[in-house]
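# A closer look at the structure
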Amino acid sequence: MSSDREIFDSFLGSFRNMFVGTTVSLALIGFSSSFEIMGPYVRFIGFINLLMVVYMGALVYTNFTKRINKLEDAETVKLWQKWAYMSLVYTMSMGLVALIFFIRKVLQVSF
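Residues numbered from 1 in each chain as written. Predicted model: local features only at pLDDT ≥ 70, side-chain atom pairs only at ≥ 80, totals over all residues. Heavy atoms only, no water.

Taking 1.5 Å per residue as the helical rise, helix 3 (residues 74-106) with its 33 residues ought to reach 48 Å, and the 46 Å between its terminal C-alpha atoms agrees with that figure. For helix 3, every residue scored as buried is listed here: Thr76, Val77, Trp80, Gln81, Ala84, Ser87, Tyr90, Thr91, Met94, Ala98 and Phe101. Those residues of helix 3 hidden inside the fold are in contact with helix 1 (4-31) and helix 2 (39-69). (Helix = DSSP H or I, 4+ residues; strand = E, 2+ residues; numbered from the N terminus. Expected span 1.5 Å × (residues − 1). Buried < 20%, exposed > 50% of the residue type's maximum accessible area, 1.4 Å probe, protein only. Contact = heavy atoms within 4.5 Å.)

Below you can see the structure in the form of structure tokens.
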């Protein structure tokens, strides 16, 4: 079985990958207008990547929560649960960004 530190380090690595994936997604979406012919395709790739980040965030949250619930140290569980909630909030906010992008750019609805 993995040590407590290995569990937390793997969570932080996954969380970092979510940040990197979000950065790449938003950069692709933001700069897609610079591409004359391939702009819609680049925007679509950025949107799909953003959806993958949301899915990855959901996996990170559920897997990390399952692992910390098996720990015996109540103080560590309480502290790490805050990190799990933070990843859930981040995932939900990226889901909201993806939903807004879908409504505004794909369905062409303006607010």
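Text resumes after the structure shown.
Attention now moves to the pattern of salt bridges. A complete count under the given rule lists one salt bridge for this structure. Between arginine 5 and aspartate 9 there is a salt bridge whose closest N-O contact spans 3.4 Å. Of this pair, arginine 5 and aspartate 9 both sit in helix 1, four residues apart, which is roughly one turn of the helix. (Salt bridge = Lys/Arg side-chain N within 4 Å of Asp/Glu carboxyl O.)

Now for the packing of aromatic side chains. Summed over all chains, the structure comprises twelve aromatic pairs. Seen in terms of ring centroids, phenylalanine 8 and tryptophan 83 are 5.7 Å apart; in terms of plane orientation they differ by 80°. Their pairing is edge-to-face. With phenylalanine 8 in helix 1 and tryptophan 83 in helix 3, this residue pair connects regions lying 75 residues apart in the sequence. Take phenylalanine 8: its relative accessible area is 7%, and that puts it in the buried class. (Phe/Tyr/Trp six-rings, centres within 6.5 Å; stacked < 30°, edge-to-face > 60°.)

So, about the packing of helix 2 against helix 3. Orientation of helix 2 relative to helix 3, taken along the N-to-C sense of each, is 160°, at an axis distance of 9 Å. The angle between helix 2 and helix 3 falls in the class roughly antiparallel. Classified by chirality, the crossing of helix 3 by helix 2 is left-handed. A breakdown of the residues in the contact of helix 2 with helix 3 according to their chemical character gives 18 nonpolar, seven polar and two charged. (Axes fitted to C-alpha atoms, helices over the stretch in contact; angles between N-to-C directions. Parallel < 35°, antiparallel > 145°, perpendicular 65-115°, else oblique. Left-handed = near helix turned anticlockwise from the far one by under 90°. Nonpolar A, V, L, I, M, F, W, Y, C, P; charged D, E, K, R; others polar.)

Without other data, these values stay purely geometric and don't point to any function.
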